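Chains, contacts and geometry: an overview
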Amino acid sequence: MRTYRITTALFLFAITTTFAQLKIDAEVRPRAEYRHGFKTLFPDNTDPAMFVSQRTRLNTSYSIEKLNFYISFQDVRVWGDVPQLNSADNNGLSIHQAWGEILLDSNFSVKLGRQEVIYDDSRIFGNVGWAQQARSHDMAMLKYQKNDFKFDIGLAFNQSSENLTGTDLTTPNTYKAMQYAWLHKDWNDFSGSFLFLNNGMSTPNGLKYSQTVGTHLKGKKDNLNITANLYYQFGNDALNRDLSAYLLGIEANYKISKTTKVGLGAELQSGNDYNTSADENKAFSPFYGTNHKFNGFMDYFYVGNHMNSVGLFDIYAKANFSLNPKSNITAFIHNFSAASDINATVSKQLGTEVDLVYAYKFTKEIGFKAGYSQMFTSEGMEVLKGNADDNTNNWGWMMVTINPTLFTSKK
């Protein structure tokens, strides 16, 4: 009997080793920030902020026949937010991702659980990787892929708790229900995506849906790359206003040499005039995108702010210089103006932002980054922010990312 058990255990171990793939990796990412006008104008008689935040993750991916499984534990903290010898934690351990993907056949799969949703350039759906907590969704996703064509359908229905009656959502800052379809096709030097998003928000007047429809296009010719975004929103917003808004964006990047790339771009997001009717909303919302990636790194626009406002017209230029195989520096300059009138007398001009980012890859598992940004404001920005102190507004940061693979077992 004992011999039988040993033989069975060895047989199961052999099957697992042969057909399974296991990977365990981790991340420790501390980031120091100096804030002197980050996200909003720096007021008089106020001390700047300085702190170190940290994200810690333990990730496990496991694949066997007909199943991919992934779980990511996460801890986000600010150094010093709990005392030494503490018996409790302010934030505690949380689950950033926990999903299983059932492989129905060679083309279809169903992905269930808490998961990141990232499409195209992350304009409408992104994981917001810059934020230490990042973004993930509780949902079911049907996926189809064949050759150069992909088609995803996502379904989500959120609830605050296991109620006995009713389905009212009381969880703040989240949607009640969401359905979307994403289609993507690759050609030789061109790719295109189409997105339809039906976004439902709980309101005192019931569930209100808005719709976003649009496309992301990308083309390449020799050293030139061009991307474009075109999106339109309609339906009803959370205040039951009639929604009619749009986003138009285009960017061209050119590789001058092996070490230098330059780019030009413009993005227009519609907004509300100061005299827009109370039952209308013309302000575009990028919803679940990685908004820190766009419109300047100082996060003055669409990062928990500037929603349902005057919109934005952002004209920008950027350049990337490779200093050696392990390091590079990137520079951005943005000119911001409102898409709609702020009031009857103030110019639409909002200001100019300069961003500098230096990156150095010390080893495969260890990377360093540092950045400096400065906002040069105009009167329009001061009116929007309710601050006319004429202070310098800048922001600096340094970040270390340590991302080792702790264990891997390949087929």
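Residues numbered from 1 in each chain as written. Predicted model: local features only at pLDDT ≥ 70, side-chain atom pairs only at ≥ 80, totals over all residues. Heavy atoms only, no water.

Here we look at the overall build of the chain
Along the backbone of the chain there are two helices and 20 strands. Relative to the compact-globule value of 22 Å for 411 residues, the chain shows a C-alpha radius of gyration of 24 Å, a close match. Taken over 411 residues, the chain has a buried fraction of 40%. Contacts in the chain between residues far apart in sequence, at least 24 positions, make up 57% of those at least 6 positions apart. (Helix = DSSP H or I, 4+ residues; strand = E, 2+ residues; numbered from the N terminus. Rg over C-alpha atoms; globule rule 2.2 N^0.38 Å. Buried < 20%, exposed > 50% of the residue type's maximum accessible area, 1.4 Å probe, protein only. Contact = heavy atoms within 4.5 Å.)

Some points on the environment of Leu-195
With respect to the element layout, Leu-195 can be found in strand β9 (residues 190-203). The exposure class assigned to Leu-195 is buried, which follows from its relative accessible area of 5%. Expressed as a C-alpha distance, the spacing of Leu-195 and Leu-268, which sit 73 residues apart in the sequence, is 19 Å. Among all residues touching Leu-195, those that are not within four sequence positions of it are Ile-124, Phe-125, Tyr-180, Ala-181, Trp-182, Thr-212, Val-213, Gly-214 and Tyr-231.

Some thoughts on the pairing of strand β19 (residues 393-402)
On any regular strand, side chains alternate: one points to one face of the sheet, the next to the other face. By the bridge criterion, seven bridges tie strand β1 (residues 21-36) to β19 in an arrangement that is antiparallel. Within β19, the position partnered with Arg-31 by the bridge is Met-399. Both strand β18 (residues 366-377) and β19 contribute to a ladder of ten bridges, which runs antiparallel. Residue Gly-367 lies in a different strand from β19, and its bridge partner there is Thr-401. (Pairing = 2+ DSSP bridges.)

A closer look at the pattern of salt bridges
Considering all chains together, one arrives at eleven salt bridges under this definition. Residue Arg-31 pairs with Glu-33 through a salt bridge whose shortest N-O separation is 3.2 Å. For Arg-31, a relative accessible area of 3% gives the class buried. Linking Arg-123 and Glu-267 is a salt bridge whose minimum nitrogen-to-oxygen distance equals 2.9 Å. Here Glu-267 lies in strand β13 (residues 260-269) and Arg-123 lies in the loop between β5 (108-115) and β6 (137-146), a separation of 144 residues in the sequence. Within the structure, one salt-bridge network assembled from shared partners comprises Arg-31, Glu-33 and Arg-35. (Salt bridge = Lys/Arg side-chain N within 4 Å of Asp/Glu carboxyl O.)

Considerations on the pairing of β13
For strand β12 (residues 242-255) and β13, the ladder comprises nine bridges, and the chain directions are antiparallel. Looking at β13, one finds that Leu-247 is bridged to Gln-269. As consecutive antiparallel partners, β12 and β13 are separated by four residues. Relative to strand β15 (residues 312-324), β13 runs antiparallel, the two being bridged by ten bridges. Each bridged residue has a counterpart across the sheet, and for Gly-263 the counterpart in β15 is Lys-318.

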